[in-house]
Every structure is written in structure tokens, then in C-alpha cells.
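# Remarks on the overall topology
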Amino acid sequence: MAKSEGQKLKLLYLLKLLSERTDETHAISTPDIIEALEKEGICVERKTVYADVQALQEFGYDILVSKKRGNSGYYLASRDFELAELKLLVDAVQSSRFITAKKSKELILKLEKLVSQSDAKQLQRQVYVSDRNKNSNESIYYSVDDIHKAIQENKKIRFKYYDWGADKQMHFRKDGAFYEMSPYFLVWKDENYYLVAFDSKENIVKHFRVDKMSALSVMKCDREGMEEAKKINPAFYTQQNFGMFAGEEQVVTLQFPEKQIGIVIDRFGKEIDIRSRGEGVCSARVKVAVSHQFYGWITGLGGQIRIMSPETVVSDYKEYLETILKEYN
């Protein structure tokens, strides 16, 4: 590198040096700074280092001086993210089923660049979550980005949709024909991204798992069914649709012991109408998409929560249980 070119880049190299090699417990001395810059073809003197550090400080970088024995010199005291915050992000990336193993590694390497090399070692963590398999669809990130773009630009999207077969291979629905949908919003539910969209051909709202989409693209035509979209509350939609399986939306009355109020609130939110029936028993009216997934949730609670009304739902639930029992007889 020519000397003049090196001098032009001097401040950038100094900032890179402080970012990568220093933190509160790892300062770098002036002689070490001079030596490191010389390796980049940049010759500086002590007074030049002092002036350059001061220039970076005046620009807004939190560069402090450590006078501790064995750790004297300059260090970058604060960054955009605290180490604890980055540890939390790394744990979230590693434990997420939605993010592929390859993308997890790439994201964590990028996060490591936000701290010193010493602190980066603390980000090389491994979080173990039972029964958690990483997704293998690398195109998810671009699909999510395209869906957001379509929503912002008020455009429809088209994509192919598939299911996994017994041969562990993907098989496209509709013989590989494209779906054309008007995207409403994205939902993060049960470790998966779902697209809630309007199907103008069938005139209904549907949802699709993003990781099962392929060849997604933004169309030139505008979205349809936007009046229907205004009626949907995204938060309530995710509460009502168990496991994102659609069903007929109904208001259902549930009865349960008072000690189970937390389970009901966690499922349906604090806005639901809960009333005390006395003797430690409560009831709540909730709006749900009645489906086998809803019945499965009720059954999984071992009879602690009972469906009280409407009678049609009670009868349907009994039939659901009887059908399961017949399978075991």
C-alpha cells in the first residue's frame, strides 16, 4: 500500500483495531497501535496516535484510557449492543427451528463482529432444545422479505406449495400449479412463519406455512379483499386458530378451576371475559376457530377445562372423543 493511501485510511484502521482487539479488560497500548498500523503500511508517531484517538472521541466513539497494571492503553468502552444482549440473540438464533443450521452459523458470525475478539469467544455458545430440528429450506428468508415487500407495495404474490411425503421428499400440491394470493400479514406461531392471505378465487381468507412455499414472487397486480382484511385483528387471529388450523369461528364458553386462569389467559389473552362461578370455579367466553386442534388442546388439559356451550360444539367434542376411543377398541 502506498504511503499516501495508508494515511488516508489511517483512522479507519485505528477504529477497526480498537473494535476487534479491545474491550474493558483488553486495552491496547500506543506502541502496539503503532506496530499494528505499520503492518498495514502506515507509519505513525505517538503524538499522531493521540491526535487520531482524540478525533475519534470527538466524532462520538467511547474510547477510554486504562491505567491498570498489565492492561494499560486505549479501549472501546461501549458498542451498539451489550455482550449480554448479543448472548441472548445468539441463544435465540441457535434454538430457533425456523432458522437453518447454515444460516444460524452465518448470523452468529455476524453477531461476533459486533464485539471484540475476546468477547466473541463468549458468543460461541451451544443451546440445546429438546426435540428441536432445524429447518432445511434456505429460501425462507427471501420469501419473508418478498412477502413484506408485496404488502408494502400493495401487490399480490404467487408461489408453489408443497407437503412432505412418506418418502421424505417434498411433493407439490395442485401438481405444481401456482397459488395467487393477496397477502395480509405474517404470523409467528409454534416456531413457524405463516402467511395470512386472501384467496379471491374462493373468496376466503387462508393461511400458509412460509417454509412450505417455493418459487415465490411479487406480482404486478394489486391486492384484493382489503375490506375483509380490515376486519381481521392479527393478535386475535393467532389466538383463535389453534396450530394455525382453520375452523368455523364461534364464541365458546369454557369452565375451569380458578387455579387454571393462567392457562386460559396465556392462550386467549387478558381481554377475554372471565367470571367467577363460586367455589373456586370460573368461566370464560372466548372466540375460537373450532377445529380438532382446539379439541386436542382441551383434551390435553385432562378434563380441567370443560366446554359448556354452545351445545353444538359440546356434541361435536363428544363425537370427537368417541371417534378416538373407537380407534383404540
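To keep things clear, this report deals only with the structure shown in the data block. Fair warning: this is a prediction, and the values are worked out from it, not measured in the lab. (Residues numbered from 1 in each chain as written. Predicted model: local features only at pLDDT ≥ 70, side-chain atom pairs only at ≥ 80, totals over all residues. Heavy atoms only, no water.)

### Topic: helix α4 (residues 46-59)
- Over its 14 residues, α4 runs 20 Å from end to end, which matches the ideal 20 Å to within 8%, given 1.5 Å per residue.
- For α4, every residue scored as buried is listed here: V49, D52, V53 and L56. One side of α4 holds all its buried residues, which, seen down the axis, span an arc of 100 degrees. Those residues of α4 that are exposed and angled more than 90 degrees off the buried face are K47 and E58.
- Those residues of α4 hidden inside the fold are in contact with α2 (10-21), α3 (30-39), β1 (63-68) and β2 (71-76). (Helix = DSSP H or I, 4+ residues; strand = E, 2+ residues; numbered from the N terminus. Expected span 1.5 Å × (residues − 1). Buried < 20%, exposed > 50% of the residue type's maximum accessible area, 1.4 Å probe, protein only. Arc of directions from axis to C-beta. Contact = heavy atoms within 4.5 Å.)

### Comments concerning the pairing of strand β3 (residues 155-164)
- Where β3 lies against strand β8 (residues 213-222), five bridges are found, and the strand directions are antiparallel. Looking at the pairing, Y161 lines up with M213 of β8.
- Strand direction decides the pairing type here: β3 and strand β4 (residues 170-172), joined by three bridges, are antiparallel. Following the sheet pairing, Y162 is matched in β4 by F172. (Pairing = 2+ DSSP bridges.)

### Describing the pattern of salt bridges
- Tallying each qualifying case throughout the model produces 14 salt bridges.
- The residue K212 makes a salt bridge to D163 at a minimum N-O spacing of 3.6 Å. Taken together, the residues K212 in the loop between β7 (204-209) and β8 and D163 in strand β3 connect sequence positions 49 residues apart.
- When its relative accessible area of 17% is taken as the criterion, K212 is described as buried.
- Residue D163 is classed as partly exposed on the basis of its relative accessible area, which comes to 24%.
- The salt bridge involving E202 is made with K206; its shortest N-O contact spans 3.0 Å.
- The exposure class assigned to E202 is partly exposed, which follows from its relative accessible area of 48%.
- Its relative accessible area of 19% is what places K206 among the buried residues.
- Several salt bridges share partner residues, and in doing so they unite D163, R173 and K212 into one network. (Salt bridge = Lys/Arg side-chain N within 4 Å of Asp/Glu carboxyl O.)

### A closer look at the environment of I261
- Its place among the elements puts I261 in helix α11 (residues 261-268).
- The exposure class of I261 is partly exposed, given its relative accessible area of 22%.
- Along the chain, I261 and A27 lie 234 residues apart, while their C-alpha atoms are 54 Å from each other.

### Let's talk about the sheet that holds strand β10 (residues 273-278)
- Read across the sheet, four strands follow the order β10-β11-β9-β12 without closing on themselves; strand pairing throughout is antiparallel. Pairing within the sheet leaves two strands with one partner each, and these edge strands are β10 and β12 (306-309). Here the strands of the sheet are splayed against their neighbours by 40 degrees on average, with no regard to which way each runs.
- Taken together, the 10 bridges between strand β9 (residues 248-257) and strand β11 (residues 281-290) define a ladder with antiparallel strand orientation. (Axes fitted to C-alpha atoms, helices over the stretch in contact; angles between N-to-C directions.)

### Considerations on the packing of helix α5 (residues 83-95) against helix α6 (residues 101-112)
- Across the interface, α5 lies against α6 with an axial gap of 10 Å and an inter-helix angle of 175 degrees. When the interaxial angle is binned, α5 and α6 end up roughly antiparallel. Taking contact as the criterion, the partners of L86, L89, V90, V93 and Q94 in α5 are, on α6, S104, L107, I108 and L111.
- The residue makeup of the contact of α5 with α6, split by class, is seven nonpolar, two polar and no charged. (Parallel < 35°, antiparallel > 145°, perpendicular 65-115°, else oblique. Nonpolar A, V, L, I, M, F, W, Y, C, P; charged D, E, K, R; others polar.)

### Examining the packing of aromatic side chains
- One pass over the structure, following the stated rule, counts 15 aromatic pairs.
- Ring geometry for Y295 against Y320: centres 5.4 Å apart, planes inclined by 50 degrees, an arrangement best described as tilted. Of this pair, Y295 sits in helix α12 (residues 292-300) while Y320 sits in helix α13 (residues 311-328), and the two are 25 residues apart along the sequence.
- Pairing Y317 with Y320 gives two aromatic rings, centres 6.1 Å apart and planes at 20 degrees, and the pair type is stacked. Residue Y317 and its partner Y320 are located together in helix α13, separated by three residues, close to a single helical turn.
- Given a relative accessible area of 13%, Y317 falls into the buried group.
- Residue class for Y320 comes out buried when judged on its relative accessible area of 15%.
- Members of the aromatic cluster, joined through ring pairs, are F159, Y161, Y179 and F208.
- The lysine or arginine in question, K160, covers the ring of F172, its NZ or CZ lying 5.7 Å from the ring centre. (Phe/Tyr/Trp six-rings, centres within 6.5 Å; stacked < 30°, edge-to-face > 60°. Lys NZ or Arg CZ within 6 Å of the ring centre and 35° of its normal.)

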